[in-house]
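Inside the fold
Here are the chains, one letter per residue:
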Amino acid sequence: MIRRIFNKVFGRKTRSASGAQVLAHAAHGIRRDQLDDCALKTCETLAQAGYKGYLVGGAVRDLLLGKTPKDFDVATDATPEEVRRLFRRSRIIGRRFQIVHVMCGRVTIEVTTFRSNEQKETDEVDERPTDEHGRLLTDNVFGSMADDAARRDFTINALYYDPSREEVHDYFDGVADCKKRVLRIIGDPETRFREDPVRMLRAARFAAKLDFHIDPDTRRPVATLAPLLANIPRARIFDEALKLLMSGHALRGVHQLRAEGLHHGMLPLLDTILDDPTGERFITAALKTTDARIAQDKPASPAFLFGTLLWPQVLQRWQALEAGGEKPQPALFMAMDEVLDAQRGQLAIPRRYDGMMKEIWALQPRFEQRGGQRPYRLLEHPRFRAAYDFLLLRAESGEIDAEMGEWWTRFQDVDDDERESMLKVDSAPKPRRRRKRKSPGESANDTPPA
Ligand code: ATP
Ligand code: MG
């Protein structure tokens, strides 16, 4: 008891029986009241029932760094069934890798039983089951807290916070790495990246999000192992891409990916985009806007974001098809379909985003029509706002005249009289009656009314 008070006051470290350093409040500064109520209650209920119940992973790391965690995960020595029985509002998720969702109001806490990477059931086989590249094929064996720490990816993600004692259990000097702002993988880097190549993408994401430096030993094998991402299911890669792009640090993340040579396996289109000055300006503007929105807690739409990533390709195909004699609108629609088809093999953006991406793209030529009733009709379009934001990015990157973006910004702001005065002479063709002969001045290339 006296030792505990001493440790609490002076922030001393002790070592637990399992080999972790146990850091008192003064050494880490995380207070119990910084936890979400539901997370706290979950840990307390587990503890009252005689189990361990610690906050783990990203939440501990973020609290240590003075950031607000986006979700709270709890690790325990209780089995999923035992957890399930303790919480009235809870359910077991998953078959192979079971976790328990504990719900309080609208908050859900993910409770995971300590796991081990070691294969304990098959005594004769002392090798862990991996594929021919070293990829780990099972991760569903229960283990001790120390085993659980060792199977986690980075030292800063293997910290356990015990709210009842306000202590952090640190197995791999994660607190020190946090202070040094170093991202270090646990164990032998090559083995750990082979076990799960997605950890390479996570390294790039965390380095960008936290503004951490990747430890040189952790970084070294990445260039050689990056091609292993080809063996990962596309849906998992897509989830990681989304996390990176929605991290609030997408711009830095994308550059980090490219610097590590990891984009081939995740966003192969980055090469073509970033090598072209307009494309680079466009993507930079798009990612900056997304990062700014997330910083302000505004919603950022994945469809909008993927729409921007694919736009440089759509634009290129659109222009090529038009140069080949296609009319603008059909050329744009052909370009959209071609690009969406081609990316499915690479990044696998789920089809549910297609509709919105296409709408945003298809509205772009309509911003050119600034006469008659057309601008008013465009304002009423349900996707006007997203399409207008997209237009501003095109203007910012120099793809179109800045004047066009400014015109549309003003048109939304001013009153009816002023709007009327802003209208341009309608150069687009009026809806024509059938069989009407073309007047001599009319251009065959005008965009048909959409
Ligand atoms: P974020 O703030 O992005 O949610 P996080 O660290 O909480 O960061 P999650 O993907 O939510 O990341 O994972 C929770 C924890 O699970 C991690 O902190 C890490 O300890 C462990 N983990 C997740 N993915 C892996 C992996 N591929 N290999 C090893 N451990 C992992
Ligand atoms: Mg998390």
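A short tour of the structure in this document, coming up. (Residues numbered from 1 in each chain as written. Chains lettered and ligands numbered in written order. Predicted model: local features only at pLDDT ≥ 70, side-chain atom pairs only at ≥ 80, totals over all residues. Heavy atoms only, no water.)

Thoughts on the packing of helix α17 (residues 302-323) against helix α21 (residues 384-396)
Our working definition: Angles shown run from 0 to 180 degrees and are taken between the N-to-C directions of axes, each axis being a line fitted to C-alpha atoms and, for helices, limited to the stretch in contact. The numbering of helices and of strands both runs from the N terminus, where a helix is a DSSP run of H or I of at least 4 residues and a strand a run of E of at least 2. The crossing is said to be left-handed when, going from far helix to near helix, the turn is anticlockwise and less than a right angle, and right-handed when the turn is clockwise. By definition in these notes, contact holds between two residues if any of their heavy atoms fall within 4.5 Å. Note that Gly is not counted as nonpolar here; it falls among the polar residues with everything else outside the nonpolar set of Ala, Val, Leu, Ile, Met, Phe, Trp, Tyr, Cys and Pro and the charged set of Asp, Glu, Lys and Arg.
With their axes 11 Å apart at the nearest point, α17 and α21 run at an angle of 35 degrees to one another. Crossing handedness for the pair α17 and α21: right-handed. Mapping the contact onto sequence places Phe304, Gly307, Thr308 and Trp311 in α17 and Ala386, Asp389, Phe390, Leu393 and Arg394 in α21. Class assignment for the residues of the contact of α17 with α21 results in 5 nonpolar, 2 polar and 2 charged.

Examining the packing of aromatic side chains
Going by this rule: Note on aromatic pairs: the rings of Phe, Tyr and Trp (six-membered ring only in Trp) are paired at centre separations within 6.5 Å, and the planes decide the class, stacked below 30 degrees, edge-to-face beyond 60, tilted for the rest. We call a residue buried when its accessible area falls under 20% of the maximum for its residue type, exposed when it is over 50%, and partly exposed in between, using a 1.4 Å probe and counting protein chains only.
Enumeration according to the criterion identifies 19 aromatic pairs in this entry. Each ring, one from tryptophan 407 and one from phenylalanine 411, has its centre 4.7 Å from the other, and the planes form 10 degrees; the classification is stacked. Of the two residues, tryptophan 407 and phenylalanine 411 are both situated in helix α22 (residues 402-413); the distance of 4 residues between them amounts to about one turn of the helix. On the basis of relative accessibility, which here comes to 7%, the residue tryptophan 407 falls in the buried class. A residue is classified by how much of its surface remains accessible, and phenylalanine 411, at 0% relative accessible area, is buried. An aromatic cluster of three or more residues is present, and its members are Phe367, Tyr376, Phe384, Tyr388, Trp407, Trp408 and Phe411.

Quick word on unusual backbone geometry
Despite not being glycine, aspartate 173 has its phi angle at roughly 60 degrees, a positive value. Inspection of the secondary structure puts aspartate 173 in the loop between β11 (167-170) and α7 (174-180). Owing to a relative accessible area of 40%, aspartate 173 belongs among the partly exposed residues under this scheme. Unusually for a residue other than glycine, aspartate 211 sits at a positive phi of about 60 degrees. By the secondary structure assignment, aspartate 211 is in the loop between α9 (198-210) and β13 (213-214).

Concerning the state of the cysteines
This is how the line gets drawn: Cysteine sulfur pairs qualify as disulfides if the two atoms are within 2.5 Å.
Counted according to the given criterion, the structure contains 1 disulfide. Linked covalently through their sulfurs, cysteine 38 and cysteine 104 form a disulfide whose S-S length is 1.9 Å. Its S-S torsion of approximately 70 degrees makes the covalent link between cysteine 38 and cysteine 104 right-handed. Residue cysteine 38 is located in helix α3 (residues 37-48), and its partner cysteine 104 is located in strand β6 (residues 99-104); the two are separated by 66 residues in the primary sequence. Classification of cysteine 104 by relative accessible area gives partly exposed; the value is 25%. We note that cysteine 43 lacks a disulfide partner, and the nearest cysteine sulfur, in cysteine 38, lies 9.8 Å from it.

A look at the pattern of salt bridges
Using the following cut-off: Each reported salt bridge corresponds to a side-chain nitrogen of Lys or Arg within 4 Å of a carboxyl oxygen of Asp or Glu.
Counting across every chain of the model gives 29 salt bridges. The salt bridge partner of arginine 219 is glutamate 260, with a shortest N-O separation of 2.9 Å. Of the two residues, arginine 219 sits in helix α10 (residues 216-219) while glutamate 260 sits in the loop between α13 (250-259) and α14 (263-266), which places them 41 residues apart along the sequence. Owing to a relative accessible area of 9%, glutamate 260 belongs among the buried residues under this scheme. In this structure, glutamate 399 engages arginine 394 in a salt bridge whose closest nitrogen and oxygen atoms are separated by 2.8 Å. When its relative accessible area of 21% is taken as the criterion, glutamate 399 is described as partly exposed. Shared partners join several salt bridges into a network, and the residues in it are Asp177, Lys180, Arg184 and Asp215.

Concerning the nonpolar core
Where we set the bar: We define a nonpolar core as any set of buried Ala, Val, Leu, Ile, Met, Phe, Trp, Tyr and Cys residues linked to one another through side-chain atoms lying within 4.5 Å.
Formed by 99 residues in total, the largest nonpolar core has its most connected members in Leu55, Leu245, Leu262, Phe306, Trp311, Met357 and Trp361. Sorting elements by how many residues they give to this core places α17 first, with 11 residues. Setting aside chain neighbours within four positions, we find leucine 245 in contact with Ala250, Val254, Leu287, Thr290, Ile294, Leu305, Phe306 and Leu309. In terms of nonpolar packing, the next biggest core, distinct from the first, is built from 17 residues, Leu363, Trp407, Trp408 and Leu423 among them.

Examining the site of ligand 1
Our working definition: Being near a molecule or strand, for a residue, means having at least one of its heavy atoms within 4 Å of it. N or O atoms within 3.5 Å of each other form a polar contact, as long as, within protein, one can give a hydrogen and the other can take it, and as long as residues adjacent in sequence are counted only when both atoms are side-chain atoms. A 1.4 Å probe and the Shrake-Rupley method give the accessible areas. Residues count as covered only by the protein chains that appear here. Only protein atoms enter the 1 Å grid used here. Points where a 1.4 Å probe fits but cannot escape make up a cavity, open sets with protein on both sides within 12 Å along at least five of seven lines make up a pocket, and a residue lines them when an atom lies within 4 Å of a point. Cavity and pocket membership follows a simple rule, namely that a molecule belongs there if more than half of its atoms are within 2 Å of the grid points.
What surrounds ligand 1 is a group of 17 residues, the closest being Arg61, Lys70, Asp196, Arg199 and Arg205. Note that an oxygen atom of ligand 1 is positioned 3.1 Å from one of the backbone N or O atoms of asparagine 157. The separation between an oxygen atom of ligand 1 and a polar side-chain atom of lysine 243 is 3.5 Å. Protein chains shield 85% of the accessible area of ligand 1, which is 590 Å² for the free molecule. Judged by its atoms lying within 2 Å of the grid points, ligand 1 is housed in the largest pocket.

Describing helix α19 (residues 354-363)
Buried residues dominate α19, accounting for 7 of its 10 residues. Here α19 has its buried residues at Asp354, Met356, Met357, Ile360, Trp361, Ala362 and Leu363. Close packing links the buried residues of α19 with α17, α18 (328-344), α20 (374-380) and α21.

Function cannot be inferred from these measures alone, as they are strictly geometric.
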